[in-house]
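What the coordinates show
Here's the letter readout for the chains.
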Amino acid sequence: MLKEEKLFIREMPEDCLPRERLEIVGEKALSNQELLAILLRTGSKNTNVMEVASKFLNYFNHLYELKNATLTEMMEIKGIGRIKAIELRAAIEFGYRIQQSTQLKLGKVSSSYQIAQNLIYELQDFQQEHLVCLYLNTKNEVIKQETVFKGSLNQSVAHPREIFRSAVKYSAARLILAHNHPSGNPTPSESDILFTQRMQECGKMMGIEVLDHIIIGEQVYISMREENFFASD
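So, how was this worked out
- Each chain carries its own residue numbering, running from 1 in the written order of its sequence.
- Residues qualify for local features only when their pLDDT is at least 70, as the model is predicted, and side-chain atom pairs are given and counted only at 80 or more; totals for whole chains, interfaces and linings, by contrast, use all residues.
- Processing note: side-chain calculations cover all non-hydrogen atoms of the structure and skip hydrogens and water entirely.
- Secondary structure elements are taken from DSSP: a helix is a run of H or I of four residues or more, a strand is a run of E of two residues or more, and numbering for both begins at the N terminus.
- Only protein chains enter the accessibility calculation, which uses a 1.4 Å probe; a residue is then buried when its area is under 20% of its type maximum, exposed when over 50%, and partly exposed in between.
- Patch construction takes residues with relative accessible area above 30% that form no salt bridge. Like charges are linked within 9 Å, and nonpolar side chains (Val, Leu, Ile, Met, Phe, Trp, Tyr) are linked within 5 Å.
- Each accessible area value is a Shrake-Rupley result obtained with a 1.4 Å probe; residue values ignore everything except the protein chains displayed when judging cover.
- Salt bridge criterion: a side-chain nitrogen from Lys or Arg within 4 Å of a carboxyl oxygen from Asp or Glu.
- The arc in question is the one traced by the directions running from the helix axis out to the C-beta atoms.

By the element assignment, Met50 lies in helix H3 (residues 49-59). Taking the relative accessible area as the measure of exposure, Met50 reaches 15% and is therefore buried. Taking C-alpha positions, Met50 is 5.6 Å from Ala37, a pair spaced 13 residues apart along the chain.

So, about a nonpolar patch on the surface. A grouping of Leu71, Met75, Ile83 and Ile86 is seen on the molecular surface, where their side chains present a nonpolar patch of about 320 Å² in accessible area. Residue assignment for the nonpolar patch shows that the elements contributing at least two residues are helix H4 (71-75) and helix H5 (82-100). In this structure, Ile86 sits in helix H5. Among the residues examined, Ile86 registers a relative accessible area of 36% and is labelled partly exposed.

Looking at helix H2 (residues 32-40), one finds that the buried residues are Glu34, Leu36, Ala37 and Leu40. Taken down its axis, H2 places every buried residue within 165° of arc, on the same side. Phi turns positive, to about 70°, at Arg41, one or two residues after H2.

Laid out in structure tokens, this is it:
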């Protein structure tokens, strides 16, 4: 029995490689055929992977039918063997589970005091500054907490673009900044004040409100909003 010859995506002309197109233009710009070809990875003898993907899609009248497509049905398509069918079945189920999942929420913010008490335990013993950002939805529920920077806080190093890039990624409506002072004294420095004001300005341009900047000391904290370090809204 002759060993089956396989055609890989990389053997196709470079200007129509689905994986390269995804990297350049993003997955939303790809056709169903291209996305399926990426999952299939290989074609079969005399049939490249894009042709196999086309046959697969033509076999089913609508993408919705794939939710309940059996391994046997998939394997009826030329170029789809047992392994490919299993992998596609797994991909479909995984996609379904992602669709059914809900965004993780880490509790609702009711006050700066509440946030500070949680962060004092986490940050007070660090020997260098850690800048933490809490990303909130429109209900003030924390959807992500992320340490975005370690080191001395200043405008040139802790750049707002890193913080707002994550805010956009998590679809945050608001955010709260917090960082520790290893000295134990939470009094804001000039750099803290300038950085906070810059973050406020960026937030206004982005439509993402900066609710507060909390500085953590040794068992104490300062809310820069409550202490009137924030520019007037």
